[in-house]
Amino acid sequence: MRRRTAIIVTVVLGAAGAGAAVVWNGTASRRPAAAAVGAIDGRVHTIKLRTTGTSAGAPAQSTPVFSMVGVAWNRPDARVSGTVKVRTRSVATGAWSAWRPVAVQGDDLPDGTRGEHSRQGATAPLWTGPSNGVDVRVTGHRALPPGLRAVLIDPGSRRRRPVHAAGHQAARVALAADVTSPDPSAPADSPVATPTDSPTTSPADSPTATPSSASPTGSPTPSDSASSAPTTSTAPRPDIVARAAWGADESLVPTPNAYGQKVKAVFVHHTDTGNDYSCADSAAVVRSIFLYHVKTNGWNDIGYNFLVDKCGTLFEGRSGGVDRPVIGAHAYGFNTDSAGVAVLGTFTDVAPPQAALDTVAKVAAWKLGLSGGDPTGATTLTEGVKDGNFPYESAVTFKTISGHRDANSTACPGSLLYARLGAIRTAAAQWTTPADLSAASLTGATKVNTTYYTKGTVTLGWRPGAVSGYHLLDNGTTIAEPAATALSVTTTLRPGTHQLQLVADNMDGTTTKSPAFPVVADTAKPTFGSPAALSVRTGTVSTTKLPVSLKWKVTDDRLLQSVKATSPSAATFGTTTTSWSAYAKPSASTTWSLTAADAAGNTATSAVKRTAALRSDGSSSRTGTWKTTANSHYLGGSGLYSSAKGATASWTVTARSVGLIDKRTTSSGKLYVYVDGAYAATIDTRASSSLYRQIQWTRTWSTSTRHTIKIKVAGTSGRPTIALDGLAYVG
């Protein structure tokens, strides 16, 4: 184990902005006289901390804009054993943040390959977002090393480089440039991943290469590339944002990076830079880490081989070729023959996003697959340094996908990410296995029996597999070719009948087919041949409930799936149902609405607004002898009755539907009904028991018009009496 000297720092707070002016890249700012401020290459700035015994610091102060902060010192073999915290001032709001911890750097270090060493000690960097003020606190117990300082990183903006193409290759290069270049309307730092079936960085993406360049990325061409030529992986290649796309300044990489023989293990890291970043910031976070590793740690390049953001976007890390065994600076003593994959964020107490885990599994499967590695297996690596965790040059067994803490004394990749390594191994193994499409599923459609119905857009999903590509067939014709790392494909179908099937081209030369999915694409809505119509129906009336019937007829050219009432209350009907027996509130204007849906999800509505009402028996115009009886069972507490043959009662109303309300008893007689002077019906009001407020007779018209409803006592022998309770109608 390497010997390290503990560093204990305490930053003394003071009034921001006090003291003499100091120049940062030609811009004057105020700071306390005791603090020395310098600039490194325009984007990396330092603030010298004042040292007093076992404490050091500088008051809170204004700074040039930065987005990442760390603490560095002159002795690379020393380590902070205390607590490092910072607070920063937001450019956007001007408010100071709460105090945030800065992680003490672990063993993310180079092994000394080709003379690459840390030239100074440093904590892990912390992403702050655009800030223009800083305050730092470090607490501990021992004397401080010389040169203690805060380091502020300004990632700047991603720089676009010109594309040079010539002769017959111009069209190919232009296409590659279109694929990997960002949308001009997108934010400057929005990353753009290259397609799986294209090189990670085409010659067009390289800052210096012409189309004939043999370099696989925008990285310097390695001098020992023959020993590390790329091979075909047993897993599909994921989309990768190239260095040129996230804005790596290749002029800061002085020496081509070295290579091992093959990648035998993948070490998973977290960058410990905090989780307060958006995915639109990811390229800037990667640039900041690159600058910190190169300009602060003094490394040849960024330490990780790959970086993954919270949205699952994969970035090329250390230059030299994503498909080659580039030796990184991420697992001290075991950088050779391993790859470092770092998830942007801190996952000690925060769970890593599933999108990030999925991408780690993809890149680990692909990277190990280049040399035939098993994502769920084990391998041996040789301890490459004399002051590492294991005896020098000893063979150490690791799982092929391991956490950084398995190789070095560090908490990396955080407890909650480390706990997910088993799931990552399982997922990675799926990417190295020929496709199993038996469980493929179709969404965006409704399955009825064996047929799917859709408005047109459906998504076919499947499990990962070791494939070179897919073909989506529609009635036997290829309509889409999903990428090898795709897990779904969305397509919009023309109206009609289709049969969809996915075919996988496995890397072992075989093909796999999914089940066939019969799909009907339908954009036509159901049709209400008879729109909703409300009428009075037979039944018992009360002062709050008038029996009504809502009727309709609806059809669909494919398959009617449902008919529902949405107002005045909810109800669901069978697709062959054409009426709804309900109740209306008298004297209220109510909207009655229906919605019909077909199996594809197309809907049609029919609605009618109607007023239901009651006319009392006492409001009728009468001839002959009628008497009144008081009884709480009648509407209004009283009713009319007559046994005089030929006696009449009539109402004139404007209505679409009417119903006569009477009382039925064992001795009640018959009555005649006339509509607008014409005989309409004979009603017998006799019943086996006494029934009040009964509607036996109704009449409905297609429109609302004025009508006169008259009843005449029939004078039935032995039971001449009839009793009236009013008229119900729908206007």
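Before reading on, note that the structure itself is shown above.
First, a word on what this report is: a plain description of the structure on this page. (Residues numbered from 1 in each chain as written. Predicted model: local features only at pLDDT ≥ 70, side-chain atom pairs only at ≥ 80, totals over all residues. Heavy atoms only, no water.)

This part takes up helix H4 (residues 354-369). Under the 1.5 Å per step criterion, the end-to-end length of H4 is 22 Å for 16 residues, consistent within 8% with the ideal 22 Å. In terms of residue burial, H4 counts as a mostly covered element, since 12 of its 16 residues are buried. When we look at burial in H4, the residues that qualify are Ala356, Leu357, Thr359, Val360, Ala361, Val363, Ala364, Ala365, Trp366, Lys367, Leu368 and Gly369. (Helix = DSSP H or I, 4+ residues; strand = E, 2+ residues; numbered from the N terminus. Expected span 1.5 Å × (residues − 1). Buried < 20%, exposed > 50% of the residue type's maximum accessible area, 1.4 Å probe, protein only.)

Let us now look at the pattern of salt bridges. With the rule as written, the count across this model stands at 9 salt bridges. Where Asp276 meets Arg100, a salt bridge forms, and the shortest distance between an N and an O atom there is 3.7 Å. You can see Asp276 sitting in the loop between strand S15 (265-270) and helix H3 (282-296) and its partner Arg100 sitting in strand S11 (residues 100-102), a full 176 residues away along the chain. Exposure remark for Arg100: the relative accessible area of 16% places this residue in the buried category. Taking the shortest distance from any N to any O, the salt bridge between Arg494 and Asp474 comes out at 3.9 Å. Taken as a pair, Arg494 in the loop between strand S28 (488-492) and strand S29 (496-506) and Asp474 in strand S26 (residues 467-474) lie far apart in primary sequence, 20 residues in all. Residues participating in the shared-partner salt-bridge network are Arg243, Glu250 and Asp301. (Salt bridge = Lys/Arg side-chain N within 4 Å of Asp/Glu carboxyl O.)

For the rest of this paragraph, the subject is the sheet that holds strand S22 (residues 441-443). Strand order in the open sheet formed by 3 strands is S22-S25-S28, with antiparallel pairing between adjacent strands. In the strand order of this sheet, the two ends are held by S22 and S28, each with one partner. Between one strand axis and the next, the sheet turns through 25 degrees on average, direction left out of account. Pairing between strand S25 (residues 457-461) and S28: 5 bridges, direction antiparallel. Residue pairing for S28: Leu460 is matched across the bridge by Val489. (Pairing = 2+ DSSP bridges. Axes fitted to C-alpha atoms, helices over the stretch in contact; angles between N-to-C directions.)

By secondary structure assignment, the location of Thr273 is in the loop between S15 and H3. Exposure remark for Thr273: the relative accessible area of 1% places this residue in the buried category. For the pair formed by Thr273 and Thr346, sequence separation is 73 residues and the distance between their alpha carbons is 6.1 Å. If sequence neighbours within four positions are ignored, Thr273 has contacts with Met68, Pro125, Leu126, Trp127, Ile289, Gly345 and Thr346. (Contact = heavy atoms within 4.5 Å.)

Examined against the element boundaries, Thr665 turns out to sit in the loop between strand S43 (648-664) and strand S44 (670-675). Residue classification places Thr665 among the buried residues on the basis of a relative accessible area of 11%. Those residues in contact with Thr665, other than ones at most four positions away along the chain, are Thr685, Arg686, Ala687, Ser689 and Ser690.

With that settled, consider the sheet that holds strand S37 (residues 579-584). With respect to topology, 3 strands assemble into an open sheet ordered S32-S34-S37, the strand pairing being antiparallel. Looking along the sheet, the strands with just one partner apiece sit at the ends: strand S32 (527-536) and S37. Between one strand axis and the next, the sheet turns by 20 degrees as a mean value, whatever way the strands run. Pairing of S32 with strand S34 (residues 546-555), which is carried by 7 bridges, proceeds in the antiparallel orientation. Paired with Ser530 across the two strands is Lys553, which belongs to S34.

This paragraph deals with H3. Under the 1.5 Å per step criterion, the end-to-end length of H3 is 20 Å for 15 residues, consistent within 8% with the ideal 21 Å. Within H3, 14 of the 15 residues are buried, which leaves it mostly tucked inside the rest of the structure. Directly after H3, the chain includes Gly298, whose backbone phi takes a positive value near 80 degrees.

Next up on the list: the state of the cysteines. Using the criterion set out here, one finds 1 disulfide in the structure. The disulfide that involves Cys279 links it to Cys311, with 1.9 Å between the sulfurs. With the S-S bond torsion at 95 degrees, the cross-link from Cys279 to Cys311 turns out right-handed. Taken as a pair, Cys279 in the loop between S15 and H3 and Cys311 in the loop between strand S16 (306-308) and strand S17 (314-316) lie far apart in primary sequence, 32 residues in all. Relative accessible area serves as the criterion here: at 19%, Cys279 is assigned to the buried category. (Disulfide = S-S within 2.5 Å.)

Function-wise, these values are silent; they only describe arrangement.
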